[in-house]
Amino acid sequence: MRYEGNVYRPPSEAHSLIVQTTIGCAHGKCRFCSMYKADNFRVRPLDEVLEDFRMAREAYRSVGRVFLADGDAMVLGTDTLLTILGEISALFPECERVSIYGTPRDALRKTPEELRALAEAGLAIVYIGAESGDDEVLRRVEKGATADEIIEAIRKLEEAELAASVTFISGLGGAELSEQHALGCARVITESRPSFAALLTLLLDPVAPMYKDLQAGTFEFMTPEEIAEETLLLLEHARPKTDCVFRSNHASNYVPLKGTLPHDNEQLIETLRKALASGAFKSDHFRAL
């Protein structure tokens, strides 16, 4: 296998075969993000990608899952993705699922027919970094999408039978925008009805452009208590009409949470209230990106 630069993947893809179909991220402007900042985005030649899969077939007895990297590999043309998915199917008949990173606008650029074709060819999960559901927060961090676009993209994926796994970042708007950030995230979950939703808590690598705001004093991290209150507000309003597996158990989080919305909202809220009453938050020394 051949890799270029730093390779990132979602936590749930820890045991997946990872193959870079692109290098870097086509957007690459998110101010909170330190991933791919040293990379100039490019699409890998298709023959190189297919050769990597053939190399993997020789190296591994069994491949149960495949993750297509880098940052928004769904930017690739549908024909290219179908060729890659066809090769995976031929080489790894034991493969249970294929997943990919995508931006909201990657999903919006593809037609419903293209998305359904990808699902039928074996693509199962699209990881979407929504980060927020508030347009002002999204504008400040230069996400490149509005809340309405994020909702439309998630709906489009789910209607094509592609499971959307959507990530939000607690504390991204700071204390100033905390309430609207929480309510916006809740709105995205409620209206788009993703299969999966996850919360990370903001940490900044010095490489991230937003780190300069921290140094300049124009942005401050929220306290664990403020993060818990923000998450409480989100959970009080996030009420999708279909099951949404919810996780807030990333290494960056102060309080681990897991359940299914909307059934477990009250249980999750009670866990946060107990943490607030007892001060039982993970130490910053043990938090990580």
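The shown structure was predicted, so the numbers you read here are calculated from the model rather than taken from an experiment.

1. Considerations on helix H10 (residues 265-278)
Reasoning step 1: A rise of 1.5 Å per residue sets the reference length of H10, with its 14 residues, at 20 Å; its end C-alpha atoms lie 20 Å apart and thus fit the reference within 8%.
Reasoning step 2: All of the buried residues along H10 are Asn 265, Leu 268, Ile 269, Leu 272 and Ala 275. One side of H10 carries all its buried residues, which in axial view fall inside an arc of 120°. Residues of H10 that are exposed and point over 90 degrees away from its buried face: Lys 274, Ala 277 and Ser 278.
Reasoning step 3: Residues of H10 that are buried in the fold lie against helix H9 (224-237), strand S9 (244-248) and strand S10 (257-261).
Reasoning step 4: Downstream of H10 by one or two residues, Gly 279 has phi in the positive range, about 70°.

2. Section: the packing of helix H2 (residues 78-91) against helix H4 (residues 112-120)
Any two packed helices are characterised by the angle at which their axes cross and by the distance between the axes.
Reasoning step 1: Relative orientation of the contacting elements H2 and H4 amounts to 10°, with a least axis distance of 10 Å. Judged by the inter-axis angle, H2 sits roughly parallel to H4. Counting all contacts with H2, which are made through Thr 78, Leu 81, Leu 82 and Leu 85, the residues of H4 involved are Glu 114, Ala 117 and Leu 118.
Reasoning step 2: Looking at side-chain class alone, the contact of H2 with H4 contains five nonpolar, one polar and one charged residues.

3. Quick notes on the packing of aromatic side chains
Describing an aromatic ring pair means giving the distance of the ring centres and the angle of the ring planes.
Reasoning step 1: Using the criterion set out here, one finds six aromatic pairs in the structure.
Reasoning step 2: Arranged with centres 6.4 Å apart and planes meeting at 65°, the rings of Phe 53 and Phe 92 form a pair that is edge-to-face. Taken as a pair, Phe 53 in helix H1 (residues 46-59) and Phe 92 in the loop between H2 and strand S5 (97-102) lie far apart in primary sequence, 39 residues in all. With respect to burial, Phe 53 and Phe 92 carry one shared label: buried.
Reasoning step 3: On the basis of an interplanar angle of 85° and a centroid distance of 6.5 Å, the ring pair of Tyr 254 and Phe 281 is categorised as edge-to-face. With Tyr 254 in the loop between S9 and S10 and Phe 281 in the segment after H10, this pair connects stretches of sequence that are 27 residues apart. For the pair Tyr 254 and Phe 281, a shared accessibility class is recorded, and that class is buried.
Reasoning step 4: Through a chain of ring-to-ring contacts, the aromatic side chains of Phe 67, Tyr 101 and Tyr 127 assemble into a single cluster.
Reasoning step 5: Above the plane of the ring of Tyr 254 lies Arg 287, whose end atom (NZ or CZ) is 4.1 Å from the centre.

Conventions and cut-offs
Residues numbered from 1 in each chain as written. Predicted model: local features only at pLDDT ≥ 70, side-chain atom pairs only at ≥ 80, totals over all residues. Heavy atoms only, no water. Helix = DSSP H or I, 4+ residues; strand = E, 2+ residues; numbered from the N terminus. Expected span 1.5 Å × (residues − 1). Buried < 20%, exposed > 50% of the residue type's maximum accessible area, 1.4 Å probe, protein only. Arc of directions from axis to C-beta. Contact = heavy atoms within 4.5 Å. Axes fitted to C-alpha atoms, helices over the stretch in contact; angles between N-to-C directions. Parallel < 35°, antiparallel > 145°, perpendicular 65-115°, else oblique. Nonpolar A, V, L, I, M, F, W, Y, C, P; charged D, E, K, R; others polar. Phe/Tyr/Trp six-rings, centres within 6.5 Å; stacked < 30°, edge-to-face > 60°. Lys NZ or Arg CZ within 6 Å of the ring centre and 35° of its normal.

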